[in-house]
Amino acid sequence: QLMDIYYQIAIVYQKDGDLTNALEYYQICSNLAKQYHNDFKYINASLVGVGDIYCLQKKYNEAVAIHENIYELSLKINSPPAILFTSKHLLNDYYLMSDLKKAKPLANKTLELAYKQENVPDILECEKFVYQIDSASGDLASAFPHYQKYLFLKNKLNDQLVQKAAVQERFQTELNEQ
């Protein structure tokens, strides 16, 4: 799909630090998704990318405006994966702006949604957000249990990755021997 190509090009530019071209390709993808396909997945992902570029450029107000709009749209269409995806980016904006009053309630909602989705990497990321926000706001009693959960999940995820790599290495060794 053409939209996917533009989206992937934007990601490559972003990873290479070429934010101007990344922004241009995210916007092209978003416009194509709106004009021809009304494809929410690409509209959501590309606009989140635009917001992320603004965040990297330290244009936090622009980033927040875009992330809030796409978050509200995700809520309207009631798409839990989209809500989770966009809320994590919005949380990052609030945290970087030190807007802890907005970040705290959103962090708790996002964490709850991550547990409902049962996706360990999302839960890990949300536990980290909650402990960082609680810690930054001085609520260390609340931050500590989230920090413990974060460390537990991080270690569990790392163990799973190590096990997976060991299985792949064993498989490759057996394949080479044959």
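For the structure itself, look to the data block above.
If you're wondering where the values come from, they're calculated on a predicted model, not measured in any experiment.

Draft legend 1. Representation of helix 1 (residues 2-15) in the model. Helix length check: helix 1 (14 residues) gives 20 Å between terminal C-alpha atoms against 20 Å at 1.5 Å per residue, within 8%. For helix 1, the full list of buried residues reads M3, Y7 and A10. Viewed end-on, helix 1 has its buried residues packed into an arc of 60°, placing them on one side of the element. Of the residues trailing helix 1, G17 is marked for its positive phi of about 85°.

Draft legend 2. Looking closely at helix 3 (residues 40-56). Here helix 3 contains 17 residues, and its C-alpha end-to-end distance of 24 Å stays within 8% of the 24 Å for a straight helix at 1.5 Å per residue. Among the 17 residues that make up helix 3, 13 are buried, leaving the element largely enclosed by the rest of the structure. Where helix 3 begins, the capping side chain belongs to D39, and its oxygen is found 3.1 Å from the backbone nitrogen of K41. Positive backbone phi, approximately 60°, marks K58, located one or two places after helix 3.

Draft legend 3. Up close: the side chain of S87. Within the secondary structure, S87 sits in helix 5 (residues 80-96). Owing to a relative accessible area of 1%, S87 belongs among the buried residues under this scheme. A distance of 3.1 Å separates a polar atom in the side chain of S87 from the backbone oxygen of L84. If sequence neighbours within four positions are ignored, S87 has contacts with Y71, L106 and T110.

Draft legend 4. Summary view of the packing of aromatic side chains. Summed over the entire model, instances satisfying the criterion amount to six aromatic pairs. Note on Y131 and Y150: the rings are 5.5 Å apart at their centroids and 50° apart in plane angle, and the pair reads as tilted. Of this pair, Y131 sits in helix 7 (residues 120-136) while Y150 is found in helix 8 (residues 140-177), placing the two residues 19 residues apart along the sequence. Accessibility assignment for this pair places Y131 and Y150 in one class, buried. Through pairs of rings, three or more aromatic residues link up here, namely Y6, Y13 and Y25.

Rules of the game
- Residues numbered from 1 in each chain as written.
- Predicted model: local features only at pLDDT ≥ 70, side-chain atom pairs only at ≥ 80, totals over all residues.
- Heavy atoms only, no water.
- Helix = DSSP H or I, 4+ residues; strand = E, 2+ residues; numbered from the N terminus.
- Expected span 1.5 Å × (residues − 1).
- Buried < 20%, exposed > 50% of the residue type's maximum accessible area, 1.4 Å probe, protein only.
- Arc of directions from axis to C-beta.
- Polar contact = N/O pair within 3.5 Å; in protein donor to acceptor, adjacent residues only side chain to side chain.
- Contact = heavy atoms within 4.5 Å.
- Phe/Tyr/Trp six-rings, centres within 6.5 Å; stacked < 30°, edge-to-face > 60°.

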